[in-house]
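Chain by chain, the residues run as shown.
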Amino acid sequence: MGLLSERSRYAVNPLEEDDAIAEAMERKGKKIIRLNRGDPAVYFPTPKYIKEAYIEAIAENKTYYTETRGAKELVAAVMGRYRRMYGLDLEEEDIVITSGVSEALYMLSSALLDRDDRVIVFKPYYTQYIPYIGLAGGREYLLDYKENDGWGIDIDELNRHVRKLKHKARIKYMLLTNPNNPTGTVLGRKTLEGIVDLANEHDLLLVSDEIYDEIVFNGARFTSIAQMARGIPYVILNGASKDFDATGFRIGFAIVPGRDKLSKELKAKLADFASVRISANAPAQYAVAEGMNNVVEHNRAIRYMVSEIEERTNFAVKLLDENKELTTVRPRGAYYIFPKIDLKRIGFKDDKEFVDSLLKSECVQITRGSGFGTPGHIRIVSLPPKEILEEAITRLNEFCRRKR
Ligand code: PLP
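As a starting point, this report considers the structure included with it. As the structure is a computational prediction, the values presented were derived from the model and not from experiment. (Residues numbered from 1 in each chain as written. Predicted model: local features only at pLDDT ≥ 70, side-chain atom pairs only at ≥ 80, totals over all residues. Heavy atoms only, no water.)

### Points about the sheet that holds strand S8 (residues 252–255)
Step number 1: Spatially, S2-S8-S7-S6-S5-S3-S4 is the arrangement adopted by the seven strands of the open sheet, whose pairing is mixed. The two strands at the open ends of the sheet, each matched to only one other strand, are strand S2 (95–98) and strand S4 (139–144). Geometrically, the sheet is characterised by an average inter-axis angle of 20° between neighbouring strands, direction not taken into account. (Pairing = 2+ DSSP bridges. Helix = DSSP H or I, 4+ residues; strand = E, 2+ residues; numbered from the N terminus. Axes fitted to C-alpha atoms, helices over the stretch in contact; angles between N-to-C directions.)

### Some points on the site of the ligand
Step number 1: With respect to spatial proximity, 13 residues lie near the ligand, and among them Val101, Ser102, Asp209, Tyr212 and Ser241 are the closest.
Step number 2: In the environment of the ligand, an oxygen atom lies 2.5 Å from a nitrogen or oxygen atom belonging to the side chain of Ser102.
Step number 3: Here an oxygen atom of the ligand and a side-chain polar atom of Asn181 are 2.8 Å apart.
Step number 4: No other element matches the three residues that helix H5 (residues 100–112) contributes to the shell around the ligand.
Step number 5: In terms of residue class, the shell around the ligand is built from five nonpolar, five polar and three charged. (Near = heavy atom within 4 Å. Polar contact = N/O pair within 3.5 Å; in protein donor to acceptor, adjacent residues only side chain to side chain. Nonpolar A, V, L, I, M, F, W, Y, C, P; charged D, E, K, R; others polar.)

### Some remarks on the side chain of Arg118
Step number 1: Counting through the fold element by element, Arg118 comes out in strand S3 (residues 118–123).
Step number 2: Buried and unpaired, Arg118 has Asp116 as its nearest opposite-charge partner, separated by 5.8 Å.
Step number 3: The contacts of Arg118, once residues within four sequence positions are left out, are Arg139, Leu165, Ala169, Arg170, Ile171, Lys172 and Tyr173. (Buried < 20%, exposed > 50% of the residue type's maximum accessible area, 1.4 Å probe, protein only. Lys, Arg positive; Asp, Glu negative; His and termini not counted. Salt bridge = Lys/Arg side-chain N within 4 Å of Asp/Glu carboxyl O. Contact = heavy atoms within 4.5 Å.)

### Brief notes about the nonpolar core
Step number 1: Within the largest apolar cluster, 64 residues are counted, with the highest numbers of intra-cluster contacts made by Ile120 and Leu158.
Step number 2: Sort the elements by how many residues they give to this core and helix H4 (residues 72–86) lands first, with seven residues.
Step number 3: Excluding anything up to four places from it in sequence, Ile120 contacts Tyr141, Leu143, Leu158, Val162, Leu165, Ile171, Tyr173, Met174, Leu175 and Leu204.
Step number 4: Within the second largest apolar cluster, 42 residues are counted, among which are Val96, Leu105, Leu113 and Tyr125. (Core = buried A, V, L, I, M, F, W, Y, C linked by side-chain atoms within 4.5 Å.)

### Things to note about the sheet that holds strand S10 (residues 336–337)
Hydrogen bonding along the main chain pairs the strands of a sheet, whether they run parallel or antiparallel.
Step number 1: Spatial strand order, S10-S14-S13: three strands in an open sheet with antiparallel pairing. Of all strands in the sheet, those bounded by a partner on one side alone are S10 and strand S13 (367–368).

If you want it as structure tokens, here you go:
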């Protein structure tokens, strides 16, 4: 009998082996341009007022465990933010502060899934959704976002799948990512309305990962599931990593606003999970509370960051459009570009071979679509400054041209 549990095999990041190649190259002195890291704080320093609040919390000796469900200051700040932005009236009990959305995903899957229970996930998906589902014993049921419809959701097709699947397995929840990583899609009101109707019809719990809710551009308007799903059970995941540009603080939260029996049961169980792991990082919680409460400073910071992201993304898309091997849906949120690549035309067997070869030959690191469940694509992070994007994408375009 081996040492490791059977389910531990799900704790893998399929993209890590690609990273190992880049690291080995760097050890040999190669300078790699990385367009693979979705970490805003690498390119935009965390706003000063948030960093100062962190330091102040430490100076004031706020280095203890907080309330297990979250420091009351941060819980109140989350309530204020959701009232202001989405007209949603929350109670303290509706919120659990976690160590990033990552921990919220872990808590949710552990709280909800029994062996072979299904979670509806659309692909391309955020890579880390899959390990959490597997570790909890569940199984993802994968459906496609429609690339030829701007990576939207086909509600009729979804309905057919849910009807069929319901007879074979227990569907515990459906995961949405809005705005989306890796496609940059922002779901419209009509789509969300269709999803809410469907959830209502089939008693399906909706879990909406809205971690990029303030990073929308190119004329898009973001609608939270909170504005559409009143009356049905749903969960919102969000945090400090993206909107507050503080990935390394590791602060996220799960919100369960419903007053129905299922929602009450779930929020109580999430509170149990929070209590089992004791507390999220204390100074970071106080700093994020200030991040949310200081609306003037936040608006200044987020407006600057989003306008830069919009410019950089559109600049990158324009360069990518010069490449005959790529077809790109223009993103309207987050900071990712997810072009389809005509691999056959340039003689590659799959996206991994392409991405590895580009890295070795051009020292440009991007991510393969198969890491998000959608082969034949590449993901490019559009956070770096234009000069870096220009250098990297020019090398990518040249590389494809030479392979033609
Ligand atoms: N959800 C999505 C869609 C993401 O893109 C990311 C990070 O890139 C996360 C969750 C992880 O968030 P956190 O830093 O809060 O754990």
